[in-house]
Amino acid sequence: QVQLVESGGGLVQPGGSLRLSCIASGRIRSIYAMGWHRQAPGKQRELVARITSGGSANYLDSVKGRFTISTDNAKGTAYLQMNSLKPEDTAVYYCYADAERRTYWGQGTQVTVSS
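All figures in this text were calculated on a predicted structure; none of them were measured in a lab.

What counts, and at which threshold
- The numbers attached to residues start from 1 for each chain and follow its sequence in the written order.
- Totals for whole chains, interfaces and linings use every residue, but because this is a predicted model, local features are given only for residues with pLDDT of at least 70 and side-chain atom pairs only at 80 or more, for both listing and counting.
- Only hydrogens and water are removed before side-chain values are computed, so all heavy atoms of the structure are retained for them.
- Strand pairing follows a simple DSSP-based rule, namely that at least 2 bridges must link the two strands.
- Put simply, DSSP H or I for four residues or longer makes a helix, DSSP E for two residues or longer makes a strand, and each gets a number counted from the N terminus.
- The term salt bridge refers to a pairing of a side-chain nitrogen on Lys or Arg with a carboxyl oxygen on Asp or Glu at a separation within 4 Å.
- Should any heavy atoms of two residues lie within 4.5 Å, those residues are considered in contact.
- Criterion for a disulfide: a pair of cysteine sulfur atoms at a distance within 2.5 Å.
- For every residue, the accessible area obtained with a 1.4 Å probe (protein chains only) is divided by the maximum for its type, and the residue is called buried under 20%, exposed over 50%, and partly exposed between those limits.

## Regarding the pairing of strand 5 (residues 46-52)
Then comes step 1: Sheet topology note: the strand 4 (residues 31-39)/strand 5 ladder contains 6 bridges and is antiparallel. Note on strand 5: the bridge partner recorded for Ala-33 is Thr-52.
Then comes step 2: Adjacent in sequence and paired antiparallel, strand 5 and strand 6 (residues 57-59) are bridged by 4 residues, among which Gly-55 carries a positive phi angle near 100°.

Shown next as structure tokens:
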């Protein structure tokens, strides 16, 4: 199994930056992709960014050019650098990992963009 622990959320003003971290433990060598979803109040969960163990990344259209996902495969850690944050980025962000033919989820971290 794989366990995920997130950190880095918080309150930031519009235009500001945050970096989310997701540390995996357990069978990290079985991970073939990691990423982030988010869910705002009253809205469906949506995929924000995903990166494979080979380094191929894809992003939600609304965050392209502002967010960057990266990983340290040896450490089983994923990062989401979020720049030029907007109020509509406010949500709970969930890290996930695809491994062993299933998806594992972190507990979620709140990101609030507000002045």
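## Comments concerning the pairing of strand 10 (residues 102-105)
Then comes step 1: Sheet analysis places strand 9 (residues 91-99) next to strand 10, joined by 4 bridges and oriented antiparallel. Bridging from a neighbouring strand, Ala-99 pairs with Arg-102 of strand 10.
Then comes step 2: Hairpin connection from strand 9 to strand 10: 2 residues lie between these consecutive antiparallel strands, with Glu-100 at a positive phi of about 55°.

## Overview of the pattern of salt bridges
Then comes step 1: Taken as a whole, this structure holds 6 salt bridges when the rule is applied.
Then comes step 2: Residue Glu-100 pairs with Arg-27 through a salt bridge whose shortest N-O separation is 2.3 Å. One end of the pair, Glu-100, is in the loop between strand 9 and strand 10; the other, Arg-27, is in the loop between strand 3 (18-26) and strand 4, and 73 residues separate them in sequence.
Then comes step 3: If you follow the salt bridges from partner to partner, you end up with Arg-38, Glu-46, Arg-66 and Asp-89 in one network.

## With respect to the side chain of His-37
Then comes step 1: You can see His-37 is positioned in strand 4.
Then comes step 2: Not counting chain neighbours up to four residues away, the residues in contact with His-37 comprise Arg-45, Glu-46, Leu-47, Val-48, Val-92, Tyr-93, Tyr-94, Tyr-96 and Trp-105.

## Digging into the state of the cysteines
Then comes step 1: According to the stated counting rule, one finds 1 disulfide in the structure shown.
Then comes step 2: Each disulfide pairs two cysteine sulfurs, and for Cys-22 the partner residue is Cys-95, the sulfurs being separated by 1.9 Å. Across the S-S bond linking Cys-22 and Cys-95, the dihedral sits near -80°, which makes this disulfide left-handed. In this pair, Cys-22 sits in strand 3 while Cys-95 sits in strand 9, placing the two residues 73 residues apart along the sequence. As far as burial versus exposure is concerned, Cys-22 and Cys-95 are alike and both buried.

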